[in-house]
Amino acid sequence: MTGKKILAVFGATGKQGGSLANYVLSDPELSAAYSVRAITRDVTSSKSQDLKQKGAEVVAGDISDTASLKPAFTGVHTVFIMTAPAWGPDAVEIEYSQAKNAADLAVEQGVEYIIFSTLPHVSKISGGKYVKVTPFDAKAKAEQYIRSLPVKSAFYCPGSFMENFHTPGFILHRDAADGTHIISRHNSPTSKFPLIAAVDDTGKFVGAILADPDKYAGKTLCAAQALYSWEEIAAVYSKVTGRKTVYEQGSVEEYRASLPEIVADVFVEGFSYYDDFGYYGPTTEESVKWAAAQARGKLTTLEEYFEQHPEPLA
């Protein structure tokens, strides 16, 4: 490991961080340049032990406890920082503070490069129409702060995870009398939003930054394989499963009623925002196309994702 740069990875046992850690460990070029330090709250978990067996250094750290991160940041050259959503009236400030404190500590500890997992600034892009999509605005606020720091930085901005199709509450569905499977939400059937297989492909995008950090300094990778409409999603699912599936646009009220109250505003406004303004705003289509061309390796299509995950939609 002598001569390698230490890459510290937050969320190393989750979808994004786990994808990155495993990608770097398995990539000949990146594994020769970087050693992986996986930061996790539970160093004894099966995923932590799996990373350790693959060659990662696994250390304890919690982004909500800055003091716990000091040992994890020692000697680090590059850090991948991600934050989990907070909920409730102080959600933006809670999540923003976690990202800010981690970034401040990184600078204090001499880290030379920060890669931050960000999201679009919904309230700004929408001109104040949608102000309750707190996980997006918190990350966007943190991105703005990190850009002001005396350290090189780049930004990974993922689209909607394909894995969400197997997360309860993402969509509504029912069976028609003739057996047709109907999926539903309040979105237009033709408006498109970006999809990414987070577990398979996060590492391919962030790996591009690691392979050429100077090229991507200050840039944002709007990471997705492609844009899909709900009509296209239903058609792909039908093709893969052989089960006739269609999309029907429902009402906002129906979708809201299906959600826990604490997240209802976030989900309803977030999905309405996609329809009205595009996931990344007016440059969504070109931003996704450019970022996909930067990825290291073939990206997972929605058809391939459903083939790998044939279980029923949640």
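In the nomenclature of an unreviewed UniProt entry, the chain is known as NAD(P)-binding protein of Coniochaeta hoffmannii. According to UniProt, the comment filed for the chain under the heading Sequence similarities (unreviewed entry) is "Belongs to the NmrA-type oxidoreductase family."

Participant: Can you break down the side chain of S238 residue by residue, with the values?
Facilitator: On the secondary structure map, S238 appears in helix 10 (residues 230-241). Separated by 2.7 Å, the side chain of S238 and the backbone nitrogen of T245 make a polar contact.

Participant: Tell me about the sheet that holds strand 12 (residues 226-229), residues and numbers included.
Facilitator: The sheet built from three strands is open, its strands ordered 7-10-12 with mixed pairing. With one partner strand each, in any of the chains shown, strand 7 (160-161) and strand 12 form the two edges of the open sheet. Here strand 10 (residues 192-196) runs beside strand 12; their pairing, made up of four bridges, is antiparallel. Following the sheet pairing, K192 is matched in strand 12 by S229.

Participant: Tell me what's going on with the environment of F306, and back it up with residues and numbers.
Facilitator: Relative to the assigned elements, F306 resides in helix 14 (residues 302-308). F306 sits in the buried class, given a relative accessible area of 1%. Considered as a pair, F306 and K152 are 154 residues apart in the sequence and their alpha carbons are 37 Å apart. Those residues in contact with F306, other than ones at most four positions away along the chain, are F165, I233, V236, Y237, V240 and L313.

Participant: Which residues make up the packing of aromatic side chains, and what are the values?
Facilitator: For the structure shown, the criterion picks out 24 aromatic pairs. Where F193 meets W230, the ring centres are 5.5 Å apart and the plane angle is 35°; that geometry is what we call tilted. You can see F193 sitting in strand 10 and its partner W230 sitting in helix 10, a full 37 residues away along the chain. Taken individually, F193 and W230 each receive the classification buried, so the pair is uniform in this respect. A cation over an aromatic ring shows up here: R185 above the ring of F170, its NZ or CZ 4.8 Å from the ring centre. Across the ring face of F271, the terminal group of R185 is positioned such that the distance to the ring centre comes to 3.4 Å.

Participant: An account of the sheet that holds strand 8 (residues 172-175) is needed here, citing residue identities and associated values.
Facilitator: Across the sheet, which stays open at both edges, the three strands sit in the order 8-9-13 with mixed pairing between neighbours. Bordering the open sheet on either side are strand 8 and strand 13 (245-249), each of which pairs with just one other strand. This sheet shows a mean twist of 30° between the axes of neighbouring strands, independent of strand direction. One ladder, built from five bridges, connects strand 9 (residues 181-185) with strand 13; its direction is parallel. The residue of strand 13 that forms the bridge with S184 is E248. Packing of helix 10 onto the sheet brings it into contact with strand 9 and strand 13, and relative to strand 13 it is tilted by some 160°.

Conventions used here
- Residues numbered from 1 in each chain as written.
- Predicted model: local features only at pLDDT ≥ 70, side-chain atom pairs only at ≥ 80, totals over all residues.
- Heavy atoms only, no water.
- UniProt positions renumbered as here; feature names shortened; annotations may be inferred.
- Helix = DSSP H or I, 4+ residues; strand = E, 2+ residues; numbered from the N terminus.
- Polar contact = N/O pair within 3.5 Å; in protein donor to acceptor, adjacent residues only side chain to side chain.
- Pairing = 2+ DSSP bridges.
- Buried < 20%, exposed > 50% of the residue type's maximum accessible area, 1.4 Å probe, protein only.
- Contact = heavy atoms within 4.5 Å.
- Phe/Tyr/Trp six-rings, centres within 6.5 Å; stacked < 30°, edge-to-face > 60°.
- Lys NZ or Arg CZ within 6 Å of the ring centre and 35° of its normal.
- Axes fitted to C-alpha atoms, helices over the stretch in contact; angles between N-to-C directions.

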